[in-house]
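Each chain is listed here by its residues.
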Amino acid sequence: MTTAAARIDWIRLSPWLYTIGLFVLWEAAVLVLGLPPFILPAPTTIVAAMVEFWPAIWKNGLQTLFTTLLGFAFAVVGGLALGLLVGWSRTIYAGLHPLMIGFNSIPKVAVVPILVLWFGIGTVPAVITAFLISFFPVVVNVATGLATIEPETEDVLKALGASKMDIMLKVGIPRALPYFFGSLKVAITLAFVGSVIAETVAANSGVGHMMLTAQSNFQVPLVFAGLVTLAVEGIVAYALMAWVEKRMTGWAHRSGFAQ
Amino acid sequence: MSVPITLADVSHRYGGASGTLALDGCSISVRPGEFAAVVGPSGCGKSTLMKLATGLQFPFKGTVTVAGSRVEKPVTMAGMAFQNPTMLPWRTTLENVLLPLEIVRPHRQRFRAEKAAFAAKAEELLSVVGLKGFGAKFPWQLSGGMQQRASLCRALIHEPELLMLDEPFGALDAFTREELWCVIRDLQQARKFTVVLVTHDLREAVFLADRIFVMSARPGRILAERTVSFPRPRDIGITYTPEFMAVVQELRGHISEARAAA
C-alpha cells in the first residue's frame, strides 16, 4: 500500500468541505438572484459586519456564553441529583414523573415574563431559562441508566449482602454515566436556546439582545453575524461535551457500528 | 465451611395472590458441603427455587431455612453465577472478580488496606480457571467462555459457604463446558462449600452432584430425588460408562413423564 500515505482522507476533510460548500452556494445564490442584504446578506457581507461590529459581538457573545454555561452547570448538577433521586425510588419516580412531563411541556419563552417579574431584566432570567430548558434531558437520561440495571447483576450483589447504596454506587452510577454524558450534548445545545430566548425577550446584553436591536435598526448583516456567533459557540460547546463523553465512558463505545 | 439449606413445603407465586403459581409444595433439603443439582423441564421454576434459597424472593407459603435460621432477607454470603456472565463492562476482569470483596463483610472494611493481597488472590483464582494474565482485560475483550470463567471466579472469590449456579454452563461449547465441570468439581472438593446447581443438562447433573432433585413442569414440584454415589474424585471418563448412562436414562425417564404430564 504505497499510495496510502498520499491518499486524501475524505472522511476527515468532508466536514470542512461541506461547510465551505454551503457558504459558497449561499454566496452564489445571493449573487445570482440579486438578493438585497436586508433580505439575505451574502456570507462575505456577514463577515464584513462581524469585523465592523467585532467589539459588540465579542462582548455580547461572551455574555451569552456565560449565561448559557452557568445555566448548563446548574442543569448538570440539578439534573444529576434529581435523576439519581428518581432512579433511587419508584415512589419518588411515580410522584415526580407527571410533574416533570408537565413542566417540560411548558414553552420556556412563556416562563420568561414571570422570571422578569421576579428578578428583573438582565442576566438572571437568562441563566434560569437556560437551566430550565436543559435540565430535563439530564434527569431523564440518568434515571433511564439507573432503571436499566440488569436484574441478574442486582441479584448477584444482593446475595452478597449489598445494600441499596452499594448497588447504586457499584452498578447504578457507573452504568448511568454513558447516559449522563450523552445527555450533556443535548443539554448544552438546549441551554443556548434557553439563554437566547430570554435575551430576546428581556435583557440588555447578550447575542439575542444584540440581534433584536440590530433587527430594529435594519442591520440585517449584523443579525446574521449574531446567528453565526451562536452557531460557532454551539458547535464548540457540543464538541467539548462529545470529547468529555468519549473520555469518560470509553467502555460504552466499544461497538464498531457507527464507524 | 458450609451451610445446610432447607425448603419446607414451599409454594411461590409471581404477581400477587392471583398470579402464576411457579412452585407448588416443594421440599428440598441440602446438607452442608453437599453438591445438589435441580433438573427439570424449562420453565418449571428451577430459577425461582434458587431465588427463594438466597432470599431474593420470599415464598408465598412454606419456609426456607439457610444455616439454621429462617430466610427473611437476602442471604449475605452466597456466590452466584448465571447463564449470562453479567460482568460489569466498565471494570477490568480482575476488578469484576474483586467486586464481592468490596461488598461482603468483613472484607469490605479491609478492602483498601489489603487490595494488593486480594488482587493476588483473584489472579490466582483466575489462573485456576485458565485465565492467567487476563485480569487487566475488560470482559468485553474476552470470549463468552472466558467471561463465564471469570464469572465463576467472582462467585468464589470471597470463599462463600454457599454457591448458587443457575445454568452457568448452558451457553458454552461442549469442550469448555466439560473443562469447567472439572474446575467446579475440584474447587468444591477442596473447599467443601454447599452447591445448588440448576441445570437441564442431565449429564452435567449426574457428573457433578451428590444428589439430584427432579422437578415437574410448572407449577414446579419435586418428582424424584436421586442420590448419585459414584466415588469422588470423578474423572470425566465416567460419563461414558454404562453405569453413568443408566442414571442419566433414569432421570431422562422422569423428565419425559413430567413433560408428558404437562
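Residues numbered from 1 in each chain as written. Chains lettered and ligands numbered in written order. Predicted model: local features only at pLDDT ≥ 70, side-chain atom pairs only at ≥ 80, totals over all residues. Heavy atoms only, no water.

Describe the interface of chain A and chain B, and please don't skip the residues or the numbers.
In this assembly, 17 residues from chain A lie in contact with 24 residues from chain B. In total, chain A and chain B occlude about 2000 Å² of area from one another, counting both sides; carbon and sulfur atoms represent 70% of this. Where chain A packs against chain B, one counts three salt bridges. In this structure, the salt-bridge partner of Asp 166 of chain A is Arg 108 of chain B, at a minimum N-O distance of 2.8 Å. For the pair chain A and chain B, the number of links is four residue pairs in polar contact (both at pLDDT 80 or more). Of all elements in the fold, only helix H7 (151–158) and helix H8 (164–201) of chain A reach the threshold of two or more residues within the side of chain A that touches chain B. No other element matches the six residues that H7 of chain A contributes to the side of chain A that touches chain B. (Contact = heavy atoms within 4.5 Å. Buried area = accessible area lost by both parts, 1.4 Å probe. Salt bridge = Lys/Arg side-chain N within 4 Å of Asp/Glu carboxyl O. Polar contact = N/O pair within 3.5 Å; in protein donor to acceptor, adjacent residues only side chain to side chain. Helix = DSSP H or I, 4+ residues; strand = E, 2+ residues; numbered from the N terminus.)

Could you give an account of a nonpolar patch on the surface, with specific residues and numbers?
Residues Ile 8, Trp 10, Leu 13, Leu 17 and Tyr 18 of chain A make up a contiguous nonpolar surface patch of about 570 Å² in total accessible area. One can find Leu 13 of chain A in helix H1 (residues 10–33). (Patch = residues over 30% accessible without salt bridge, like charges linked within 9 Å, V, L, I, M, F, W, Y side chains within 5 Å. Areas by Shrake-Rupley, 256 points an atom, 1.4 Å probe, with all protein chains shown as cover.)

Go over the sheet that holds strand S9 (residues 211–215) of chain B, please, and point to the residues and values.
Residues and elements named next belong to chain B. Reading across from one edge, S6-S7-S8-S3-S9-S10 is the order of the six strands in this open sheet, with mixed pairing throughout. The open sheet is flanked by strand S6 (78–82) and strand S10 (222–227), the only strands paired with a single partner. Put simply, the sheet's adjacent strands are angled 15° from each other on average, direction ignored. Note: S9 against S10, five bridges, orientation antiparallel. Pairing of Phe 213 across the sheet is with Glu 225, part of S10. (Pairing = 2+ DSSP bridges. Axes fitted to C-alpha atoms, helices over the stretch in contact; angles between N-to-C directions.)

Go over the pattern of salt bridges with me, naming the residues and quoting the values.
Side chains that carry opposite charge are capable of pairing whenever their charged atoms lie near each other. A full pass over the atoms with the stated rule returns 19 salt bridges over all chains. The salt bridge involving Glu 102 of chain B is made with Lys 170 of chain A; its shortest N-O contact spans 2.7 Å. Highlighted residues: Glu 102 of chain B in helix H2 (residues 93–103) and Lys 170 of chain A in helix H8, drawn from two different chains. The partner of Arg 110 of chain B in a salt bridge is Glu 114 of chain B, with the nearest N and O atoms 3.5 Å apart. Residue classification places Arg 110 of chain B among the partly exposed residues on the basis of a relative accessible area of 33%. The class of Glu 114 of chain B is partly exposed, set by a relative accessible area of 29%. (Buried < 20%, exposed > 50% of the residue type's maximum accessible area, 1.4 Å probe, protein only.)

Lay out the pairing of strand S8 (residues 194–199) of chain B with the relevant residues and their values.
Residue and element names in this part refer to chain B. The element S8 is largely enclosed, with a buried count of six among its six residues. Both faces of S8 are covered, namely the face carrying Thr 194, Val 196 and Val 198 and the face carrying Val 195, Leu 197 and Thr 199. Sheet topology note: the strand S3 (residues 35–39)/S8 ladder contains five bridges and is parallel. Looking across to S8, one finds that Phe 35 is bridged to Val 195. With five bridges connecting them, strand S7 (residues 162–166) and S8 associate as parallel partners. From the neighbouring strand, Leu 162 faces S8, where its bridge partner is Thr 194. For the crossover that starts at S7, traverses helix H6 (residues 174–191) and ends in the parallel S8, the hand is right-handed. (Right-handed = clockwise from strand over helix to strand, strands pointing away.)

Give me helix H4 (residues 115–128) of chain B: which residues, what numbers.
All names here are of chain B. Its 14 residues place the ends of H4 20 Å apart at the C-alpha level, agreeing with the 20 Å of an ideal helix rising 1.5 Å per residue. Listing the buried residues of H4 in full gives Phe 118, Ala 119, Ala 122, Leu 125 and Leu 126. Taken down its axis, H4 places every buried residue within 120° of arc, on the same side. Along H4, the residues that are exposed and aim more than 90 degrees away from the buried face are Ala 116 and Glu 124. Buried positions along H4 lie against H2, helix H3 (107–110), helix H5 (144–156) and H6. The first or second residue beyond H4 is Gly 130, which carries a positive phi of 85°. (Expected span 1.5 Å × (residues − 1). Arc of directions from axis to C-beta.)

Describe the packing of helix H2 (residues 43–52) of chain A against helix H10 (residues 220–248) of chain A, listing the residues and the values that go with them.
The packing of two helices is summarised by the inter-axis angle and the distance between the axes. All names here are of chain A. For the pair H2 and H10, interaxial distance at closest approach is 8 Å and the crossing angle is 85°. On the basis of their axis angle, the class for H2 and H10 is roughly perpendicular. Mapping the contact onto sequence places Thr 45, Ile 46, Ala 49 and Met 50 in H2 and Pro 221, Leu 222, Phe 224, Ala 225, Val 228 and Thr 229 in H10. Looking at side-chain class alone, the contact of H2 with H10 contains eight nonpolar, two polar and no charged residues. (Parallel < 35°, antiparallel > 145°, perpendicular 65-115°, else oblique. Nonpolar A, V, L, I, M, F, W, Y, C, P; charged D, E, K, R; others polar.)

An account of the confidence of the model for chain A is needed here, citing residue identities and associated values.
Looking at chain A as a whole, the pLDDT averages 89, with 95% of positions reaching at least 70. Confidence, read as mean pLDDT per element, is least for H7 of chain A in chain A (86) and greatest for H2 of chain A (94). (pLDDT = per-residue confidence, 0-100.)

Tell me about the side chain of Asp 166 of chain A, and please be specific about residues and values.
Looking at the secondary structure, you find Asp 166 of chain A in helix H8. On the basis of relative accessible area, Asp 166 of chain A is assigned to the buried category, the value being 8%. Those residues in contact with Asp 166 of chain A that sit more than four places away from it in its chain are Gly 161 and Val 171 of chain A together with Ile 103 and Arg 108 of chain B.

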